[in-house]
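A look at the structure
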Amino acid sequence: MQGQAIPGARFVDPKVLARIGNLELVARNVVDGFINGLHRAPFFGASIDFAEHRGYVAGDDIRRVDWRLYARTDRYYVKQYEADTNTNLTILFDISKSMGFASQGVSKLEYACFLGACIAYLAQRQRDRVGIITFDSEIVTHVPPSAKHFNVVLHTMDRAKAERPGQLSAPLHRMAEHFRRRGILLLISDFYDDPDAVLEAVKPLRFLGNDLIVFHVMDPQEIDFSFDEASAFQDLETGDQVPVVPDSFRQQYQALVREHIEALRRRFAEHRIDYALLDTREPLDRALFSYLSSREKLMRVR
Amino acid sequence: MSFLSPLLFLGLAAIAVPILVHLIQRERSRVVEFPSLMFIRRIPYQSVQRRRIRHWFLLAMRAAAIALIVAAFARPFFTSGAAAAAAASGGSREVVILLDQSASMGYGDHWPQAQAAARAAIADLGPNDRASLVLFGRNAEEHLRSTSDRGRLEAAIDTARVTSGSTRYGPALELAESILAQSSLSRPEVILVSDFQKSGWTGSEEVRLGEQARLTTVPIGSDAANLSVPSVAFARAESAGQERVTVTAGISNRTGAAASGVTVALEIDGHPVETKTVDVGAGASASVVFAPVSLAGSPMRGAVRAGSDSLASDNTFHFVIGPSQPLSVLIIENGDRASSSFYLSRALSIGAAPVFRVEVLPAGRVTAAALDGRAVVILNDTVVPQGIGVDGLQQYVERGGGLLVAVGQRTTWPPNDAALLPGTLGSVIDRTSGRGGAIGYLDYGHPALEVFKAPRSGDFSGARILRYRPVEPGPDDRVLARFDDGAVAAVERRLGEGRVILWTTSLDDSWNDLVLKPVYLPLLHQFARYLASYEAPAPWRTVGQVADVSAILKSRADRIVVTPSGTQIRIAASEPGLVELDEQGVYEIRAAESGAPTSHRLAVNLDPAESDLTRLDPQELVAAVTGSAATATAAVAVPAEQTAAETERQQSLWWYLLLGGLFLLAAEMAVSNRLSRTERFL
């Protein structure tokens, strides 16, 4: 169901990462390995590439004057590089109670933390400003994007606990009102809602031209539904219970989940929103790759 | 079925737990937390109808398991149905039922109660149990031995009757012990059904049941009031040449309340003679003296009846009384002294039981005919009468006569006689110098001297013996008395059916002063009774005694005994002729041949102790016999075998119930696990 990891970029198993406990260390470990694995990739080094020339104005550093161009044109131009065009990266982190589910060591919340930390680290390495908003049925924590907020972001993710029922539309609508500057929005959630409702909740985030990347984090059990014994299944968020005999439920359940994922994928694609389904069994490389390709697209657009 | 801890049945409320779980949380046996039920809810439910049926099956298993475990903790045991108890305890019982059939059991409805209790004991027998039935009174009789045939046992109880016997627990318990000792069954038990009369247990009985044996007592009735005639006394007197007897009856009242106006009647030969009323205080006795009755030539049958109560048998006292029969005594003296037999004849003329009819004859006038009909012949300081000679005397003795030879100055004895006289007479020993001799030894074991055994029953030491003739007794002769110097004073020889006593000093005052001592008369009477083989005719006997019919009839021919109930017992000539008197009333004994003379009668009464219904504490008896008083006393109708705790411990049913409960739980677990894989719901 999931794509294969990029050869040579296989990272440490999420279960092993979960034992490290320090998000920065996790992120550095993963990202450095990831970058080394991608050093031939066409997207590498985008942040320090030349972007354009502009006319010299008083106050500009004369070291940045393009003397070759001056020799040809006898005008002073200053070189501008991509690295200088910093971007705001805001991680929209769903910490609703359903994210706390873990069937095999790593909960969805932990996996999301690793993911968020890695991406934040990547961004920080590229001089992007990093911020985070955690939410469940309402906004819980808001750390505005800043070049200095990397550690705060990590700390926020570290403290995040899946305790309350979640809802997408209300907090996302409020966030959409909040953003004043375009940037990259990284939405990490399990999207337990109707695809239409999800899209309605997400759409406003795109209004300012934000680049929205959606990570749909799911536990393997949520996908496979490989329970054995007949049990009463309790909704983590509402506490409701339903008697379930997995053997007879499995096929129907898997079909419903597939349908849900496909619906999300289709809807997000229709609205040019990058969507990636992440299984907590998988290493983080595919998620990072997804992010970077999105970042590249953003640069090209600009 | 009973329970040692019935309160633990409150634990049955625990059955509600699985029911509540089934009713309220039956679909939540295992909860799995899941992020969202969004998709699960979209999957339609299946019907739960079939599930419920299986559900109730599981519920029933769980409830049954809890019920079994609770029942196990309640410690159940079987109270009735000894079969189940025996099966549970793993051992069969050897039961000996001791059923008291003494006369006191005839009180009111005591006997039916006792029979019912015995039947209840039989009903409690298991299929592998065996029981013996022992009926006892004074003696114990093994009626049925170690049988599991209930029908025979119950039939034996039905046919058993109250006897006239007294109560003695010792023989019955000894018999029970011997029966149990021979049994191979593992649970020996004795069930004693009785009214527990105190008189039946002296405490000195050496009866001890085995360690494994249990003694269950079944007391019948309670302390009961009783009026009885324990004895009758007779006073004989002669009036106008006719012997008359005055009957005095004793009335005993063992009631807590005084009895007034008790009617006491005297019957002679079945005819009422006199009736009197008497007041008897509570727990006291009174006597009633009837007017003198003339005695006819033959013994008369009499009875005294007093009052009426629930124990009628001891309200009547039977007796047989006849005219006194004097003993004929012939005193043969030398004839040369007028007073040589004075003391002797005077001493024998005193007394009423028996009356001695004394005749004194000089030796020269005695013929063989003079010995006919004589009970005793006394040779008083004389020679052997020439008219009869030593042989004649010997024949007389061998026929059963009694001969007393009193030695004196004139006594001579043929030296060639070694058969009649016990020993050879020596020369006169003269002890006149000094104080004289004395009688220093008496054989109190001899029947003639037995009465002097008790203290202050005869002082022989005061008599001064001045002269005597020493005797050398034969090896078969028995020395009855010796002087202080060891010389023989009296020696006896048995000859044929008769007896000879040689008194080595005189029976007058010539050689000693014994005649002046108080002991002289009883000594002489005892010698005369003994030599005459006299036995006072008993006006009555007590149930349980043995009558020697041969002695009564003085015949060894075929004899017939008619018991008070009318049963005729024929005793052949070859048989000893001993009859146990086991019925109250009057026995008739006569020779079997036709034309036999008038029959003899024997009155038989209850043992007076049987009228005393004072009860013995059954625990005292149990403690004495088993060494432990812990054995339970059973109720009359349902004799319990042992305490509930002991029964429960022996049966140990809880163990099986607990195992059953655990097995059900295990089965329930297996079934529910299996169902959980195949069914939607538990």
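These figures come from a predicted structure and were not determined experimentally.

**Things to note about the overall build of chain B**
Secondary structure summary: chain B contains 13 helices and 35 strands in total. Sorting the 682 residues of chain B into buried and exposed places 40% on the buried side. Considering only residue pairs separated by 6 or more positions, chain B has 75% of its internal contacts joining residues 24 or more positions apart.

**Some thoughts on the overall build of chain A**
Broken down by element type, chain A carries 10 helices and 10 strands. Burial analysis of chain A (302 residues in total) assigns 40% to the buried set.

**Observations concerning the sheet that holds strand β18 (residues 356-362) of chain B**
Strand pairs in the sheet, formed through backbone hydrogen bonds, run parallel or antiparallel to each other. Residues and elements named next belong to chain B. Strand order in the open sheet formed by 8 strands is β18-β17-β19-β20-β28-β27-β26-β23, and the pairing between neighbours is mixed. Pairing within the sheet leaves two strands with one partner each, and these edge strands are β18 and β23 (439-442). Direction aside, the axes of adjacent strands within the sheet are offset by 15° on average. Relative to strand β27 (residues 488-495), strand β26 (residues 478-483) runs antiparallel, the two sharing 4 bridges. Considered in β27, the bridge of R478 is made with E492. This element, helix α7 (residues 342-349), spans β17 (327-333), β18 and β19 (376-380) of the sheet and lies at about 160° to β18.

**A closer look at the interface of chain B and chain A**
Of the residues lining the interface, 21 residues belong to chain B; the matching set on chain A comes to 27 residues. With 4 residues, the single largest contributor to the side of chain B that touches chain A is strand β2 (residues 31-34) of chain B. For the side of chain B that touches chain A, the class distribution of residues is 11 nonpolar, 2 polar and 8 charged.

**Quick look at the sheet that holds strand β6 (residues 184-189) of chain A**
Residues and elements named next belong to chain A. Spatial ordering of the open sheet is given by β5-β4-β3-β6-β7-β10, a layout of 6 strands whose pairing is mixed. Looking along the sheet, the strands with just one partner apiece sit at the ends: β5 (139-146) and β10 (274-279). Neighbour to neighbour, the strand axes of the sheet diverge by 15° on average, direction disregarded. As judged from the 6 bridges shared by strand β7 (residues 211-218) and β10, these two strands associate in the parallel manner. From the neighbouring strand, I213 faces β10, where its bridge partner is D274. The sheet strands contacting helix α4 (residues 108-125) are β3 (88-94), β4 (129-135), β6 and β7, and the helix crosses β3 at an angle near 175°.

**What to know about the environment of P283(A)**
Residues and elements named next belong to chain A. With respect to the helices and strands, the residue P283 is situated in the loop between β10 and α10 (285-301). Given 21 C-beta atoms within a 10 Å radius, P283 is considered buried. C-alpha separation for the pair P283 and L115, spaced 168 residues apart in sequence, amounts to 9.6 Å.

**Things to note about the nonpolar core**
Core analysis: the largest hydrophobic core is formed by 64 residues, its most contacted members being V329(B), V376(B), I378(B), L404(B), V405(B) and A528(B). No other element matches helix α9 (residues 520-531) of chain B, which puts 7 residues into this core. Listed in part, the 62 residues of the second largest apolar core include I95(A), A160(A), I188(A) and F289(A).

**A closer look at the pairing of β18(B)**
Residue and element names in this part refer to chain B. Here 7 bridges tie β17 to β18, and the two strands are oriented parallel to one another. Note that in β18 the partner of I332 across the bridge is L361. Of the crossover connections in this fold, the one passing from β17 over α7 to the parallel β18 is right-handed.

**So, the packing of helix α7 (residues 195-202) of chain A against helix α9 (residues 246-270) of chain A**
Residue and element names in this part refer to chain A. It is the contact of α7 with α9, at a shortest axis distance of 9 Å, that shows an interaxial angle of 35°. You can see that α7 and α9 cross each other, and the crossing is right-handed. Contacts between α7 and α9 pair P195, V198 and L199 from the former with H260, A263, L264 and R267 from the latter. Broken down by class, the residue content of the contact of α7 with α9 amounts to 5 nonpolar, 1 polar and 1 charged.

**Focus: helix α5 (residues 150-159) of chain A**
Note: α-helices contain 3.6 residues per turn, so residues at a spacing of three or four share the same orientation. Within α5(A), the full set of buried residues consists of F150(A), V153(A), L154(A), T156(A) and M157(A). Relative to the axis of α5(A), the buried residues are bounded by an arc of 160° and lie together on one face.

**As for the confidence of the model for chain B**
Residues and elements named next belong to chain B. Looking at chain B as a whole, its pLDDT mean stands at 84, while 91% of the residues score no less than 70. Every residue in residues 47-53 is under pLDDT 50, and counting partners more than four places away or in other chains gives 4 contacts. As scored by the predictor, the complex reaches a pTM of 0.50 and an ipTM of 0.77.

**Some words on the packing of helix α4 (residues 110-123) of chain B against helix α5 (residues 150-159) of chain B**
Residue and element names in this part refer to chain B. Axis separation between α4 and α5 bottoms out at 10 Å; the angle between their running directions is 175°. Taken as axis vectors, α4 and α5 run roughly antiparallel relative to one another. Judged by residue contacts, Q115, A118, R119 and I122 of α4 engage R150, L153, E154 and I157 from α5. Looking at the contact of α4 with α5, its residues break down into 4 nonpolar, 1 polar and 3 charged.

**Points about α7(B)**
Residue and element names in this part refer to chain B. If you check which residues of α7 are buried, you get Y343, L344, A347 and L348. Buried residues of α7, viewed axially, fall in a sector of 120°; they line one side. The first or second residue beyond α7 is G351, which carries a positive phi of 120°.

**Things to note about the environment of G131(A)**
Examined against the element boundaries, G131(A) turns out to sit in strand β4. Residue contacts for G131(A): discarding those within four places in its chain leaves N88(A), T90(A), V143(A), P144(A), P145(A), S146(A), H149(A) and V153(A).

**Points about the environment of R168(B)**
Residues and elements named next belong to chain B. Turning to its location among the elements, R168 is positioned in the loop between α5 and α6 (169-181). Separated by 37 residues in sequence, R168 and E205 have C-alpha atoms that sit 9.8 Å apart. Once residues within four sequence positions are removed from consideration, R168 is found in contact with R138 and G200.

Here is what the cut-offs are and how they apply
- Residues numbered from 1 in each chain as written.
- Chains lettered and ligands numbered in written order.
- Predicted model: local features only at pLDDT ≥ 70, side-chain atom pairs only at ≥ 80, totals over all residues.
- Helix = DSSP H or I, 4+ residues; strand = E, 2+ residues; numbered from the N terminus.
- Buried ≥ 20, exposed ≤ 12 C-beta atoms within 10 Å, placed from the backbone.
- Contact = placed C-beta atoms within 7 Å.
- Pairing = 2+ DSSP bridges.
- Axes fitted to C-alpha atoms, helices over the stretch in contact; angles between N-to-C directions.
- Nonpolar A, V, L, I, M, F, W, Y, C, P; charged D, E, K, R; others polar.
- Core = buried A, V, L, I, M, F, W, Y, C linked by C-beta atoms within 7 Å.
- Right-handed = clockwise from strand over helix to strand, strands pointing away.
- Left-handed = near helix turned anticlockwise from the far one by under 90°.
- Arc of directions from axis to C-beta.
- pLDDT = per-residue confidence, 0-100.
- Parallel < 35°, antiparallel > 145°, perpendicular 65-115°, else oblique.

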